[in-house]
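Residue-level structure breakdown
This is what each chain is made of:
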Amino acid sequence: MQNITNKLIEWYSLHKRNLPWRETRNPYAIWVSEIILQQTRVNQGLGYYLKFMETFPDIHTLAAAPMDQLLKVWQGLGYYTRARNMHFTAQDIVQNYNGIFPNSYKDLIKLKGIGDYTASAIASISFKEPSPVLDGNVFRVIARIYGISESTQSAQGKKNFKGVLTKLIPHDKPGVFNQAIMEFGALQCTPKNPLCEECIFKSSCFALNNNLIDDLPRKKVKVKQTKRYFNFLHILYNDSTFVEQRTENDIWKLLYQFPLIETSSDYSLNELEKTNLWKQIFNNIKPQINLNYSEKKHQLSHQKLYVKFYEIRINTLNSYINKNFRKVSFRELENLGIPILLENYLADFNK
Ligand code: SF4
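Predicted model, so just to flag it, every value in this text is computed and none were measured.

1. What about the packing of aromatic side chains?
- The final tally for this structure, using the stated rule, is 19 aromatic pairs.
- These aromatic residues form a ring-pair network of at least three members: Phe230, Phe232, Trp252, Phe258, Phe309, Tyr345 and Phe349.
- In this structure, Arg82 packs its charged tip against the face of Tyr79, placed 4.6 Å from the ring centre.

In C-alpha cells, the structure reads:
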C-alpha cells in the first residue's frame, strides 16, 4: 500500500500541471475550483475559475453579489443549480460562520451543494484531514490497479473503494495524495488508451496483467434520456425583444430566455399557432413570422432538447405580453444570464 502511495506522490511531483488552485490552500479558492471542475475539463475550467476569482475574490464578495451577476459569470458551464447553491452557501458562511470556512469534513458536508467529494477535497487540501476523494478518475485508477469490479453507484461499492483509499492516504500529505491520484487518472490512466507502457504500476496493475482495461471500471448503467421540445419566440418590437425568467425547479432555473412554448412532440408552426399559449401571447396582434426559423438539438445530462427559434416581428403590444414578459434592449440582453443555447442562437442572429 505504502509503495503505491509514495509512487503516486512522486509521479505527481514530476508530472502535475501547474494550475492556480494548486498554488493555494485557501478553502474558498479550493471550493470554487472543485465545483467548476466537476462539470468541465481543466482546460476549459481554468478560464471560468480565473474569471470567477477575479469577479468574486472572496466569500464576502460572492455572498453580496446579485444572482444575475453570478449566473452571467457561470454562463456556459451548465448545472446552474451548483452556482445557486454556491451563492446560498457563501451567504450561509458569512451569516452563520463569521465568514470563515468550516475546517472539517463533518462540518463542510453540512453546507448546501457540498457533497462527499467536495468536502473531502477541501478538508484534505486546506486542512490536512486524511479524507479520501472518490471521483471518476480515482474510481478508475483504483478499479484497474486492484481489479475491483464493483460499481460506485451502490452504497456498498462506494464504501469498499473508500476502504482501499483510507489505507492509502498518508496523514502527513492527504491533500497532495488526493490531487495526485486524480491527476494520475486524468493524465496517465485515462478512460481510453491509458499510457500503460510507461506506467509506474505496469508490473503490478491487475487490469493490465489480466487484459481487463476496457472492462474496468465497471460501466455505469445508462441513464434514460427524456426528450423535450422547446419552441422559443424571438419577438422583435422596435429595437427591443422580450424575455422571461425561469423560476420552476427545472433546468436553467433563474436564467432568462425568450418566451417559450414547450410542446409534447415536434410541432409544426401550424400546430404551434393553435396552442392556447400562442393565442394568448399574440391576442389582438398580427405577428409577422420569419419562417427561416433556426432549429437545434441540445444534449443535457438526462435530457435531449429539440429546440426551435421563431423570429417574429410585432408592431403593437397587448396586456399578456406586458404582464408576463420583460422588454429588453439587445444591450440589456447581453448582461442577463441566458442558457448557452440562446447565446449561440444570438451570435448567429447578430452575424
Ligand atoms: S498500467 Fe495502465 S491501467 Fe494500470 S494503472 Fe497504469 S495506466 Fe492504468
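Next comes the rest of the account.
2. Here we look at the domain arrangement of the protein
- For the protein, the domain assignment lists domain 1 (2-209) and domain 2 (226-350).
- Listed by partner, the interface residues are nine residues for domain 1 and 15 residues for domain 2.
- Linking domain 1 with domain 2 are zero salt bridges, by the criterion used here.
- Counting across the domain 1 and domain 2 interface gives five residue pairs in polar contact (both at pLDDT 80 or more).
- Elements supplying a minimum of two residues to the side of domain 1 that touches domain 2: helix H5 (67-74) and helix H6 (80-96).
- It is H5 that provides the largest number of residues to the side of domain 1 that touches domain 2, a total of four residues.
- Residue classes in the side of domain 1 that touches domain 2 are distributed as four nonpolar, two polar and three charged.

3. Topic: the packing of H5 against H6
- Where H5 contacts H6, the two axes come as close as 10 Å, and the packing angle between them is 135°. Classified by the interaxial angle, the pair formed by H5 and H6 is oblique. Relative to H6, the crossing made by H5 is right-handed. Of the residues in H6, those touching H5 at Met67, Leu70, Leu71 and Trp74 are Tyr80, Arg82, Ala83, Arg84, Met86 and His87.
- Within the contact of H5 with H6, the residues separate by chemical class into seven nonpolar, one polar and two charged.

4. Quick look at the pattern of salt bridges
- All chains considered together, the criterion is met by ten salt bridges.
- Between Lys106 and Asp107 there is a salt bridge; the shortest N-O distance is 3.7 Å.
- Lys106 sits in the exposed class, given a relative accessible area of 56%.
- In this structure, Asp107 and Lys110 form a salt bridge, with 3.0 Å as the shortest nitrogen-oxygen distance.
- Bridged by salt links that share partners, the residues Arg228, Arg246, Asp250 and Glu262 form one connected network.

5. Let's talk about the nonpolar core
- Of all hydrophobic cores here, the largest spans 58 residues; its most connected members are Tyr28, Trp31, Phe52 and Phe232.
- Here this core gathers at least three residues from each of two domains, domain 1 (2-209) and domain 2 (226-350).
- The contact partners of Phe52, leaving out residues within four places of it in the chain, are Tyr28, Val32, Ile36, Leu62, Leu70, Val73, Trp74 and Met86.

6. A look at the packing of helix H9 (residues 136-146) against helix H10 (residues 155-168)
- Where H9 meets H10, the closest approach of the two axes is 11 Å, and the angle between their N-to-C directions is 85°. With respect to H10, the axis of H9 lies roughly perpendicular. In this structure, H9 uses Val138, Phe139, Ile142, Ala143 and Tyr146 to contact H10, whose residues at the interface are Phe161, Val164, Leu165 and Leu168.
- Tallied by class, the residues present in the contact of H9 with H10 amount to nine nonpolar, no polar and no charged.

Scoring rules and cut-offs
Residues numbered from 1 in each chain as written. Predicted model: local features only at pLDDT ≥ 70, side-chain atom pairs only at ≥ 80, totals over all residues. Heavy atoms only, no water. Phe/Tyr/Trp six-rings, centres within 6.5 Å; stacked < 30°, edge-to-face > 60°. Lys NZ or Arg CZ within 6 Å of the ring centre and 35° of its normal. Domains from an automatic or database assignment. Contact = heavy atoms within 4.5 Å. Salt bridge = Lys/Arg side-chain N within 4 Å of Asp/Glu carboxyl O. Polar contact = N/O pair within 3.5 Å; in protein donor to acceptor, adjacent residues only side chain to side chain. Helix = DSSP H or I, 4+ residues; strand = E, 2+ residues; numbered from the N terminus. Nonpolar A, V, L, I, M, F, W, Y, C, P; charged D, E, K, R; others polar. Axes fitted to C-alpha atoms, helices over the stretch in contact; angles between N-to-C directions. Parallel < 35°, antiparallel > 145°, perpendicular 65-115°, else oblique. Left-handed = near helix turned anticlockwise from the far one by under 90°. Buried < 20%, exposed > 50% of the residue type's maximum accessible area, 1.4 Å probe, protein only. Core = buried A, V, L, I, M, F, W, Y, C linked by side-chain atoms within 4.5 Å.

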